[in-house]
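Listed below are the residues making up each chain.
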Amino acid sequence: MSEVKLAAETRTEFGKGAARRIRRDNKVPGVLYGHGSDPLHLTLPGHELLLALRTPNVLIALDIDGKTSELAIPKSVQRDPLKGFLEHVDLQLVQRGEQVNVEIPVLTEGELAAGGNLLEHVLNALPVEAEATHIPESVTVSVEGLSAGDSVLAKDIALPKGVTLAVEEDAVVLQVLAAQAEEAAEGAEGEEAAEA
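Residues numbered from 1 in each chain as written. Predicted model: local features only at pLDDT ≥ 70, side-chain atom pairs only at ≥ 80, totals over all residues. Heavy atoms only, no water.

> Where do I start with the overall build of the protein chain in this structure?
For the protein chain, the helix and strand inventory stands at three helices and 13 strands. In terms of C-alpha radius of gyration, the protein chain reaches 23 Å, well past the compact-globule figure of 16 Å for 196 residues. For the protein chain, the spread of C-alpha atoms along the three principal axes comes to 75 × 45 × 25 Å. A total of 196 residues make up the protein chain; the buried ones form 34% of that total. Taking as baseline every contact in the protein chain between residues at least 6 positions apart, the subset at least 24 positions apart corresponds to 64%. A total of about 11,700 Å² of accessible surface is found on the protein chain, and carbon and sulfur atoms cover 48% of it. Charged side chains in the protein chain number 16 positive and 33 negative. The centres of these two groups are separated by 18 Å. (Helix = DSSP H or I, 4+ residues; strand = E, 2+ residues; numbered from the N terminus. Rg over C-alpha atoms; globule rule 2.2 N^0.38 Å. Buried < 20%, exposed > 50% of the residue type's maximum accessible area, 1.4 Å probe, protein only. Contact = heavy atoms within 4.5 Å. Areas by Shrake-Rupley, 256 points an atom, 1.4 Å probe, with all protein chains shown as cover. Lys, Arg positive; Asp, Glu negative; His and termini not counted. Charge placed at Lys NZ, Arg CZ, Asp CG, Glu CD.)

> Could you clarify how one ought to interpret the side chain of Thr133 in this entry?
Its location among the elements puts Thr133 in the loop between strand 9 (125-131) and strand 10 (139-142). Polar contacts involving the side chain of Thr133 include one to the side chain of Glu131, which spans 2.5 Å. Among the polar contacts listed, one links the side chain of Thr133 to the side chain of His134, at a separation of 3.2 Å. (Polar contact = N/O pair within 3.5 Å; in protein donor to acceptor, adjacent residues only side chain to side chain.)

> Just to check I follow, could you spell out the layout of surface pockets for this structure?
One way to see where empty space is left: roll a probe the size of a water molecule over the atoms. When its volume is computed, the largest pocket comes out at roughly 210 Å³. Considering the residues around the largest pocket, the lining is formed by Arg20, Arg23, Asn26, Lys27, Val28, Gly46, His47, Leu50, Gly84, Phe85 and Leu86. Contributions of two or more residues to the lining of the largest pocket are made by helix 1 (16-24), strand 2 (27-34) and helix 2 (46-52). Sorting elements by how many residues they give to the lining of the largest pocket places helix 2 first, with three residues. A breakdown of the residues in the lining of the largest pocket according to their chemical character gives four nonpolar, four polar and three charged. (1 Å grid on protein atoms, 1.4 Å probe; cavity = no way out; pocket = protein on both sides within 12 Å on 5 of 7 lines; lining within 4 Å. Points joined across faces, edges and corners; volume = space filled by probe spheres on them. Nonpolar A, V, L, I, M, F, W, Y, C, P; charged D, E, K, R; others polar.)

Don't take any of this as a statement about function, it's just geometry.
Okay, structure coming up:
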């Protein structure tokens with residue numbers, strides 16, 4: 001789990017015009033909330049935040065106006081749909097030792113059984129509960145030798161110590177499907193022959 005330090009400033013201007021001015025200065029408007037406190041509106045450094053968000057569930061140590069220090073994790077990130085720059089970020093306040101619910105990416109390794117099988121990611125990210133400062137970046141699942149009809153359930157995935165599932169144990173995470181392209185092609189040829 002990586003921790004990134006960012007300097008943040010409280011903001012008092014709101015609305016589209018204020019948000020545009022913030023973005024023009026290469027900064028990102030954001031909101032920090034949690035623990036029953038009032039939401040705190042912030043301005044964050046754009047480039048440093050963009051780099052930090054490349055790591056899933058990154059722990060962000062915020063230095064707010066040089067006075068207070070808070071820990072947060074990203075909860076919602078809005079990006080410009082065309083240009084991809086950050087428009088707004090919601091951060092959830094966390095404390096060391098606190099359990100949080102997050103989704104961690106599911107990575108795969110190994111080769112499926114021969115025969116043109118396809119691997120479907122039913123869940124791209126696995127919902128888990130973990131200590132805020134020890135959130136795993138991802139989980140890796142071996143699909144070595146799996147064939148059509150096989151599946152990997154949430155309970156089959158080995159989780160790091162201190163991490164528990166936040167989804168039903170029998171939830172399907174990955175499943176192997178038989179390739180259907182050849183059958184569809186054969187069916188089309190049969191229809192053409194029937195028409196002739």
